[in-house]
Amino acid sequence: MRDPVMRRAFDEWEDLSRDEKKWVEYESRRKAILDEMAAVREAEIRQQKAREEGLVEGKLLVAKEMLAEGESPERIAKLTKLSLEEIEKLKQQLH
């Protein structure tokens, strides 16, 4: 191998592979990094889900207000992008 940087990296990898203690340390660190990445991803997913739930709750609130003001379920569905089924359920809850 002619590239000195690659040669050094390869040599260090071989040394690491031969030393059981270093290998265990490497695997522990690797696991910690992967666990941290998974935790960050899980937090992102939870945050996105919370945003989506907040949007749905907001739509439901608007739909309830529109129903209370006498708007038709079809118009509410069109404007809120909620299904007619969801709007009918809300309508029943109000009565």
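Here's what I pulled together on the structure shown here. Note that this is a predicted model, so its numbers are computed, not measured. (Residues numbered from 1 in each chain as written. Predicted model: local features only at pLDDT ≥ 70, side-chain atom pairs only at ≥ 80, totals over all residues. Heavy atoms only, no water.)

## Some thoughts on the nonpolar core
The biggest cluster of nonpolar side chains holds 9 residues, and these are Leu-60, Ala-63, Met-66, Leu-67, Ile-76, Ala-77, Leu-82, Ile-87 and Leu-90. Mapped by element, the contributors of at least two residues to this core are helix H2 (20–68), helix H3 (73–80) and helix H4 (84–94). The greatest single-element share of this core, amounting to 4 residues, is contributed by H2. Those residues in contact with Leu-90, other than ones at most four positions away along the chain, are Leu-60, Ala-63, Lys-64 and Leu-67. (Core = buried A, V, L, I, M, F, W, Y, C linked by side-chain atoms within 4.5 Å. Buried < 20%, exposed > 50% of the residue type's maximum accessible area, 1.4 Å probe, protein only. Helix = DSSP H or I, 4+ residues; strand = E, 2+ residues; numbered from the N terminus. Contact = heavy atoms within 4.5 Å.)

## Things to note about the packing of H2 against H3
Following both chains from N to C, one finds H2 and H3 inclined at 150°, their axes separated by 10 Å at the closest point. It follows that H2 is roughly antiparallel to H3 by the angle criterion. When the axes of H2 and H3 are compared, the crossing they make is right-handed. Counted together, Lys-59, Val-62, Ala-63, Met-66 and Leu-67 of H2 and Ile-76, Leu-79 and Thr-80 of H3 form the full contact between these two elements. For the contact of H2 with H3, a count of residues per class yields 6 nonpolar, 1 polar and 1 charged. (Axes fitted to C-alpha atoms, helices over the stretch in contact; angles between N-to-C directions. Parallel < 35°, antiparallel > 145°, perpendicular 65-115°, else oblique. Left-handed = near helix turned anticlockwise from the far one by under 90°. Nonpolar A, V, L, I, M, F, W, Y, C, P; charged D, E, K, R; others polar.)

## Here we look at the packing of helix H1 (residues 4–18) against H2
Where H1 contacts H2, the axes come no closer than 5 Å and their chain directions differ by 105°. Taken together, the axes of H1 and H2 lie roughly perpendicular to each other. For the pair H1 and H2, contact is made by Trp-13, Leu-16, Ser-17 and Arg-18 and by Glu-20, Lys-22, Trp-23 and Tyr-26, respectively.

## Looking at the packing of aromatic side chains
Under the counting rule described, the total for this entry stands at 3 aromatic pairs. Consider the rings of Trp-13 and Trp-23, whose centres lie 5.5 Å apart with planes at 75°: the pair is edge-to-face. On the criterion of sequence distance, the pair formed by Trp-13 in helix H1 and Trp-23 in helix H2 is long-range, its members being 10 residues apart. Measuring from centroid to centroid gives 5.5 Å for Trp-13 and Tyr-26, while their planes differ by 85°, and the two rings are edge-to-face. Of this pair, Trp-13 sits in helix H1 while Tyr-26 sits in helix H2, and the two are 13 residues apart along the sequence. Through successive ring pairs, a cluster of aromatic residues spans Trp-13, Trp-23 and Tyr-26. (Phe/Tyr/Trp six-rings, centres within 6.5 Å; stacked < 30°, edge-to-face > 60°.)

## Some remarks on a nonpolar patch on the surface
Together, Ile-33, Leu-34 and Met-37 make up an exposed nonpolar region whose accessible area comes to about 270 Å². Tracing the chain through its elements places Ile-33 in helix H2. Judged by relative accessible area, Ile-33 falls into the partly exposed class, the value being 36%. (Patch = residues over 30% accessible without salt bridge, like charges linked within 9 Å, V, L, I, M, F, W, Y side chains within 5 Å. Areas by Shrake-Rupley, 256 points an atom, 1.4 Å probe, with all protein chains shown as cover. Salt bridge = Lys/Arg side-chain N within 4 Å of Asp/Glu carboxyl O.)

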